[in-house]
Amino acid sequence: MMLEVRDLGVRYGTKKILNGLGFSVKEGQWLMIAGPNGAGKSTAINAIAGGIDYTGSIRFEGEEIRRKKPAQLARCIGVLTQSHPVSYSFSVEEVVTLGRYSHSAGFLSRRVEGKDTAEAVNAALELTGMTKRRGQSVLTLSGGELQRTFLAQVLAQDPRLLLLDEPANHLDPVYQKQIFDLIRDWLKTPGRAVISVIHDLSLARAYGTEILLMNHGTALACGTADEVLTPALLKEVYQMDVYGWMRELLSQWN
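Residues numbered from 1 in each chain as written. Predicted model: local features only at pLDDT ≥ 70, side-chain atom pairs only at ≥ 80, totals over all residues. Heavy atoms only, no water.

Q: Can you explain the pairing of strand S2 (residues 15-25)? Please cite residues and give values.
A: The side chains of a regular strand alternate, first on one face of the sheet and then on the other. As paired strands, strand S1 (residues 3-12) and S2 are joined by 7 bridges and run antiparallel to one another. Counterpart to Leu3 in the pairing with S2 is Val25. Where S1 folds back onto S2 in an antiparallel hairpin, the turn is made up of 2 residues, including Gly13, whose phi is positive at roughly 70°. (Pairing = 2+ DSSP bridges. Helix = DSSP H or I, 4+ residues; strand = E, 2+ residues; numbered from the N terminus.)

Next up, the structure:
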(Lines give C-alpha, C1' and ligand atoms only; values in the text may rest on other atoms or scores of the structure.)
Protein backbone atom coordinates (compact mmCIF):
# COMPACT_ATOMS: atom_id res chain seq x y z
CA MET A 1 0.00 0.00 0.00
CA MET A 2 1.45 3.37 -0.98
CA LEU A 3 -0.77 5.57 1.20
CA GLU A 4 -2.97 4.63 4.15
CA VAL A 5 -5.21 7.19 5.85
CA ARG A 6 -6.87 6.06 9.05
CA ASP A 7 -9.28 7.90 11.36
CA LEU A 8 -8.15 11.28 10.02
CA GLY A 9 -9.41 14.29 11.93
CA VAL A 10 -8.86 18.02 11.41
CA ARG A 11 -10.26 20.94 13.40
CA TYR A 12 -10.19 24.66 12.73
CA GLY A 13 -10.87 26.12 16.15
CA THR A 14 -14.02 24.44 17.40
CA LYS A 15 -15.16 23.40 13.92
CA LYS A 16 -14.53 19.79 12.93
CA ILE A 17 -13.62 19.62 9.22
CA LEU A 18 -12.58 15.96 8.96
CA ASN A 19 -13.97 13.28 11.22
CA GLY A 20 -12.67 9.72 11.06
CA LEU A 21 -11.78 9.83 7.35
CA GLY A 22 -10.13 6.68 6.05
CA PHE A 23 -8.99 5.37 2.67
CA SER A 24 -5.95 3.88 0.97
CA VAL A 25 -4.15 4.19 -2.37
CA LYS A 26 -2.07 1.59 -4.17
CA GLU A 27 0.57 1.97 -6.84
CA GLY A 28 -0.97 2.70 -10.24
CA GLN A 29 -4.24 4.04 -8.85
CA TRP A 30 -5.78 7.42 -9.56
CA LEU A 31 -8.15 8.19 -6.69
CA MET A 32 -10.68 10.94 -7.35
CA ILE A 33 -12.05 12.68 -4.25
CA ALA A 34 -15.52 14.06 -4.96
CA GLY A 35 -18.22 15.64 -2.85
CA PRO A 36 -20.01 18.95 -2.26
CA ASN A 37 -18.40 22.20 -1.13
CA GLY A 38 -17.44 21.97 2.52
CA ALA A 39 -17.08 18.18 2.50
CA GLY A 40 -13.41 18.44 3.52
CA LYS A 41 -11.80 17.38 0.23
CA SER A 42 -9.09 20.04 0.07
CA THR A 43 -8.46 19.73 3.79
CA ALA A 44 -7.69 16.03 3.29
CA ILE A 45 -5.18 16.91 0.55
CA ASN A 46 -3.54 19.52 2.79
CA ALA A 47 -3.20 17.01 5.62
CA ILE A 48 -1.58 14.40 3.36
CA ALA A 49 0.82 17.07 2.05
CA GLY A 50 1.88 17.83 5.61
CA GLY A 51 0.44 21.35 5.51
CA ILE A 52 -1.86 21.18 8.54
CA ASP A 53 -2.06 19.44 11.90
CA TYR A 54 -4.25 16.37 12.17
CA THR A 55 -5.25 13.50 14.40
CA GLY A 56 -5.28 9.90 13.31
CA SER A 57 -2.74 8.38 10.96
CA ILE A 58 -1.38 9.14 7.48
CA ARG A 59 1.22 6.60 6.41
CA PHE A 60 3.24 6.81 3.19
CA GLU A 61 4.78 3.44 2.35
CA GLY A 62 4.30 2.39 5.97
CA GLU A 63 5.86 5.47 7.60
CA GLU A 64 3.85 8.15 9.37
CA ILE A 65 4.31 11.42 7.46
CA ARG A 66 4.71 13.35 10.74
CA ARG A 67 8.10 11.66 11.08
CA LYS A 68 9.36 12.96 7.76
CA LYS A 69 11.17 16.26 7.40
CA PRO A 70 9.61 18.66 4.83
CA ALA A 71 12.35 17.95 2.27
CA GLN A 72 11.93 14.19 2.72
CA LEU A 73 8.17 14.47 2.28
CA ALA A 74 8.60 16.63 -0.83
CA ARG A 75 10.69 13.89 -2.44
CA CYS A 76 7.77 11.50 -2.04
CA ILE A 77 4.68 13.67 -2.51
CA GLY A 78 4.06 16.47 -5.03
CA VAL A 79 1.14 18.92 -4.91
CA LEU A 80 -0.52 20.82 -7.76
CA THR A 81 -3.19 23.39 -6.88
CA GLN A 82 -5.76 24.99 -9.17
CA SER A 83 -4.26 28.49 -9.32
CA HIS A 84 -0.80 30.06 -9.22
CA PRO A 85 -0.80 33.85 -8.80
CA VAL A 86 2.54 35.08 -10.16
CA SER A 87 3.98 38.58 -9.91
CA TYR A 88 7.58 37.84 -10.85
CA SER A 89 9.16 37.52 -14.28
CA PHE A 90 10.87 34.17 -13.77
CA SER A 91 11.27 32.10 -16.89
CA VAL A 92 9.42 28.81 -17.33
CA GLU A 93 12.69 26.94 -16.85
CA GLU A 94 13.46 28.79 -13.61
CA VAL A 95 10.05 27.98 -12.17
CA VAL A 96 10.36 24.30 -13.11
CA THR A 97 13.87 24.12 -11.65
CA LEU A 98 12.47 25.15 -8.26
CA GLY A 99 10.87 21.71 -8.17
CA ARG A 100 14.33 20.21 -7.62
CA TYR A 101 15.02 22.16 -4.43
CA SER A 102 14.08 19.33 -2.07
CA HIS A 103 16.64 17.07 -3.80
CA SER A 104 19.48 19.58 -3.69
CA ALA A 105 22.51 18.81 -1.55
CA GLY A 106 23.09 22.51 -1.04
CA PHE A 107 21.73 25.93 -1.91
CA LEU A 108 23.46 26.14 -5.31
CA SER A 109 23.96 22.44 -5.94
CA ARG A 110 23.22 21.13 -9.43
CA ARG A 111 23.59 17.45 -8.54
CA VAL A 112 20.89 15.53 -6.71
CA GLU A 113 21.07 11.92 -5.62
CA GLY A 114 22.22 10.43 -8.91
CA LYS A 115 19.99 12.50 -11.17
CA ASP A 116 21.10 15.76 -12.72
CA THR A 117 18.83 18.74 -12.19
CA ALA A 118 18.99 19.70 -15.87
CA GLU A 119 18.00 16.17 -16.88
CA ALA A 120 14.98 16.19 -14.58
CA VAL A 121 13.89 19.66 -15.71
CA ASN A 122 14.28 18.81 -19.41
CA ALA A 123 12.20 15.65 -18.97
CA ALA A 124 9.44 17.56 -17.17
CA LEU A 125 9.36 20.29 -19.82
CA GLU A 126 9.20 17.70 -22.58
CA LEU A 127 6.39 15.74 -20.92
CA THR A 128 4.26 18.84 -20.43
CA GLY A 129 4.97 20.28 -23.87
CA MET A 130 6.68 23.39 -22.48
CA THR A 131 10.17 22.93 -23.93
CA LYS A 132 9.70 25.67 -26.54
CA ARG A 133 8.53 28.06 -23.80
CA ARG A 134 11.43 27.37 -21.42
CA GLY A 135 12.95 30.85 -21.76
CA GLN A 136 9.64 32.70 -21.73
CA SER A 137 8.49 34.75 -18.74
CA VAL A 138 5.64 33.13 -16.82
CA LEU A 139 3.91 36.52 -16.86
CA THR A 140 3.29 36.09 -20.61
CA LEU A 141 1.74 32.60 -20.46
CA SER A 142 -1.87 31.63 -21.01
CA GLY A 143 -3.77 29.97 -18.18
CA GLY A 144 -3.22 26.53 -19.64
CA GLU A 145 0.49 27.13 -20.22
CA LEU A 146 0.92 28.44 -16.68
CA GLN A 147 -0.75 25.36 -15.21
CA ARG A 148 1.42 23.09 -17.36
CA THR A 149 4.49 24.99 -16.12
CA PHE A 150 3.61 24.31 -12.50
CA LEU A 151 2.75 20.72 -13.35
CA ALA A 152 6.24 20.46 -14.85
CA GLN A 153 7.65 21.88 -11.61
CA VAL A 154 5.89 19.15 -9.62
CA LEU A 155 6.99 16.43 -12.06
CA ALA A 156 10.60 17.67 -11.88
CA GLN A 157 10.28 17.11 -8.15
CA ASP A 158 10.02 13.41 -9.10
CA PRO A 159 7.38 12.42 -6.53
CA ARG A 160 5.82 8.98 -6.26
CA LEU A 161 2.44 10.33 -5.13
CA LEU A 162 0.86 13.29 -6.91
CA LEU A 163 -1.82 15.34 -5.12
CA LEU A 164 -4.07 17.49 -7.32
CA ASP A 165 -6.48 20.05 -5.89
CA GLU A 166 -8.85 20.93 -8.75
CA PRO A 167 -5.92 21.28 -11.19
CA ALA A 168 -8.03 22.20 -14.22
CA ASN A 169 -11.08 23.82 -12.63
CA HIS A 170 -10.73 27.23 -14.30
CA LEU A 171 -9.25 26.06 -17.59
CA ASP A 172 -10.87 25.80 -21.02
CA PRO A 173 -11.83 22.24 -22.09
CA VAL A 174 -8.77 21.90 -24.33
CA TYR A 175 -6.46 22.66 -21.39
CA GLN A 176 -8.43 20.41 -19.05
CA LYS A 177 -7.90 17.54 -21.46
CA GLN A 178 -4.19 18.36 -21.82
CA ILE A 179 -3.62 18.39 -18.07
CA PHE A 180 -5.53 15.18 -17.36
CA ASP A 181 -4.00 13.35 -20.32
CA LEU A 182 -0.52 14.40 -19.17
CA ILE A 183 -1.17 13.11 -15.68
CA ARG A 184 -2.55 9.83 -17.01
CA ASP A 185 0.63 9.37 -19.07
CA TRP A 186 2.79 10.16 -16.02
CA LEU A 187 0.92 7.52 -14.02
CA LYS A 188 1.89 4.77 -16.47
CA THR A 189 5.39 4.59 -14.95
CA PRO A 190 5.49 1.95 -12.17
CA GLY A 191 5.73 3.14 -8.56
CA ARG A 192 3.39 6.11 -8.92
CA ALA A 193 -0.12 7.06 -7.81
CA VAL A 194 -2.40 10.10 -8.00
CA ILE A 195 -5.05 11.62 -5.73
CA SER A 196 -7.26 14.38 -7.16
CA VAL A 197 -9.86 16.63 -5.61
CA ILE A 198 -12.47 17.16 -8.32
CA HIS A 199 -15.93 18.63 -8.78
CA ASP A 200 -16.53 17.48 -12.35
CA LEU A 201 -17.96 13.98 -11.99
CA SER A 202 -17.54 13.32 -15.71
CA LEU A 203 -13.77 13.85 -15.41
CA ALA A 204 -13.75 11.68 -12.29
CA ARG A 205 -15.43 8.85 -14.18
CA ALA A 206 -13.26 9.28 -17.29
CA TYR A 207 -9.85 9.33 -15.58
CA GLY A 208 -10.20 7.89 -12.09
CA THR A 209 -9.51 4.25 -11.28
CA GLU A 210 -11.30 4.71 -7.93
CA ILE A 211 -13.56 7.38 -6.48
CA LEU A 212 -13.87 8.52 -2.87
CA LEU A 213 -17.20 10.23 -2.21
CA MET A 214 -17.02 12.54 0.81
CA ASN A 215 -19.70 14.29 2.82
CA HIS A 216 -19.50 16.17 6.11
CA GLY A 217 -15.83 15.41 6.61
CA THR A 218 -15.94 11.67 6.21
CA ALA A 219 -16.06 8.97 3.52
CA LEU A 220 -19.51 7.96 2.35
CA ALA A 221 -18.30 5.47 -0.27
CA CYS A 222 -15.08 4.41 -2.00
CA GLY A 223 -14.69 2.13 -5.00
CA THR A 224 -15.04 2.12 -8.76
CA ALA A 225 -17.13 4.73 -10.57
CA ASP A 226 -19.97 2.24 -11.05
CA GLU A 227 -19.93 1.42 -7.33
CA VAL A 228 -19.77 5.01 -6.07
CA LEU A 229 -21.48 7.26 -8.61
CA THR A 230 -24.88 5.67 -8.19
CA PRO A 231 -28.17 7.61 -8.32
CA ALA A 232 -28.88 6.92 -4.64
CA LEU A 233 -25.47 7.93 -3.30
CA LEU A 234 -25.25 11.05 -5.44
CA LYS A 235 -28.71 12.15 -4.35
CA GLU A 236 -27.80 11.59 -0.70
CA VAL A 237 -24.67 13.73 -1.02
CA TYR A 238 -25.85 16.52 -3.32
CA GLN A 239 -29.53 16.60 -2.36
CA MET A 240 -30.62 16.43 -5.98
CA ASP A 241 -30.96 13.96 -8.84
CA VAL A 242 -27.40 14.38 -10.10
CA TYR A 243 -27.54 11.20 -12.14
CA GLY A 244 -30.63 12.36 -14.02
CA TRP A 245 -29.27 15.86 -14.46
CA MET A 246 -25.99 14.61 -15.94
CA ARG A 247 -27.87 12.40 -18.37
CA GLU A 248 -30.09 15.32 -19.35
CA LEU A 249 -27.04 17.50 -20.05
CA LEU A 250 -25.44 14.77 -22.15
CA SER A 251 -28.62 14.36 -24.19
CA GLN A 252 -28.23 17.96 -25.45
CA TRP A 253 -25.31 16.77 -27.59
CA ASN A 254 -27.24 14.04 -29.40
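Q: Before we move on, could you go through the environment of Gly56 and cite the residues and values that matter?
A: Tracing the chain through its elements places Gly56 in strand S4 (residues 55-60). Assessed through its relative accessible area of 33%, Gly56 is described here as partly exposed. Between the C-alpha atoms of Gly56 and Gly9, which are 47 residues apart in sequence, the distance is 6.2 Å. Dropping the residues within four chain positions of it, Gly56 is found in contact with Arg6, Asp7, Glu64 and Arg66. (Buried < 20%, exposed > 50% of the residue type's maximum accessible area, 1.4 Å probe, protein only. Contact = heavy atoms within 4.5 Å.)

Q: So, the side chain of Lys41: which residues are in play, and what are the values?
A: Structurally, the position occupied by Lys41 is in helix H1 (residues 41-48). Of the side chains with opposite charge, Glu166 lies nearest to the buried Lys41, which makes no salt bridge, at 6.2 Å. In this structure the side chain of Lys41 is engaged in a polar contact, spanning 3.0 Å, whose partner is the backbone oxygen of Gly35. Each residue touching Lys41, except ones within four places of it in the same chain, is listed here: Ile33, Ala34, Gly35, Pro36, Val197, Ile198, His199 and Met214. (Lys, Arg positive; Asp, Glu negative; His and termini not counted. Salt bridge = Lys/Arg side-chain N within 4 Å of Asp/Glu carboxyl O. Polar contact = N/O pair within 3.5 Å; in protein donor to acceptor, adjacent residues only side chain to side chain.)

Q: I'd love a proper account of the packing of aromatic side chains, names of residues and values included.
A: One pass over the full model with this rule turns up 4 aromatic pairs. A ring pair is formed by Trp30 and Tyr207, whose centres lie 5.8 Å apart and whose planes are at 50°; its orientation type is tilted. With Trp30 in strand S3 (residues 30-34) and Tyr207 in helix H7 (residues 201-207), this pair connects stretches of sequence that are 177 residues apart. Exposure remark for Tyr207: the relative accessible area of 12% places this residue in the buried category. Measuring from centroid to centroid gives 4.7 Å for Tyr88 and Phe90, while their planes differ by 55°, and the two rings are tilted. Linked through ring pairs, Trp30, Phe180 and Tyr207 together constitute an aromatic cluster. (Phe/Tyr/Trp six-rings, centres within 6.5 Å; stacked < 30°, edge-to-face > 60°.)

Q: Explain the layout of surface pockets to me, and be specific about the residues and the numbers.
A: The space that makes up the largest pocket amounts to roughly 570 Å³. The wall of the largest pocket is formed by 17 residues, among which Leu201, Ser202, Val242, Met246 and Arg247 lie closest to the centre. Looking at the lining of the largest pocket, the elements that each hand over two or more residues are H7, helix H9 (231-238) and helix H10 (242-251). Sorting elements by how many residues they give to the lining of the largest pocket places H10 first, with 7 residues. For the lining of the largest pocket, the residue count by class is 12 nonpolar, 2 polar and 3 charged. (1 Å grid on protein atoms, 1.4 Å probe; cavity = no way out; pocket = protein on both sides within 12 Å on 5 of 7 lines; lining within 4 Å. Points joined across faces, edges and corners; volume = space filled by probe spheres on them. Nonpolar A, V, L, I, M, F, W, Y, C, P; charged D, E, K, R; others polar.)

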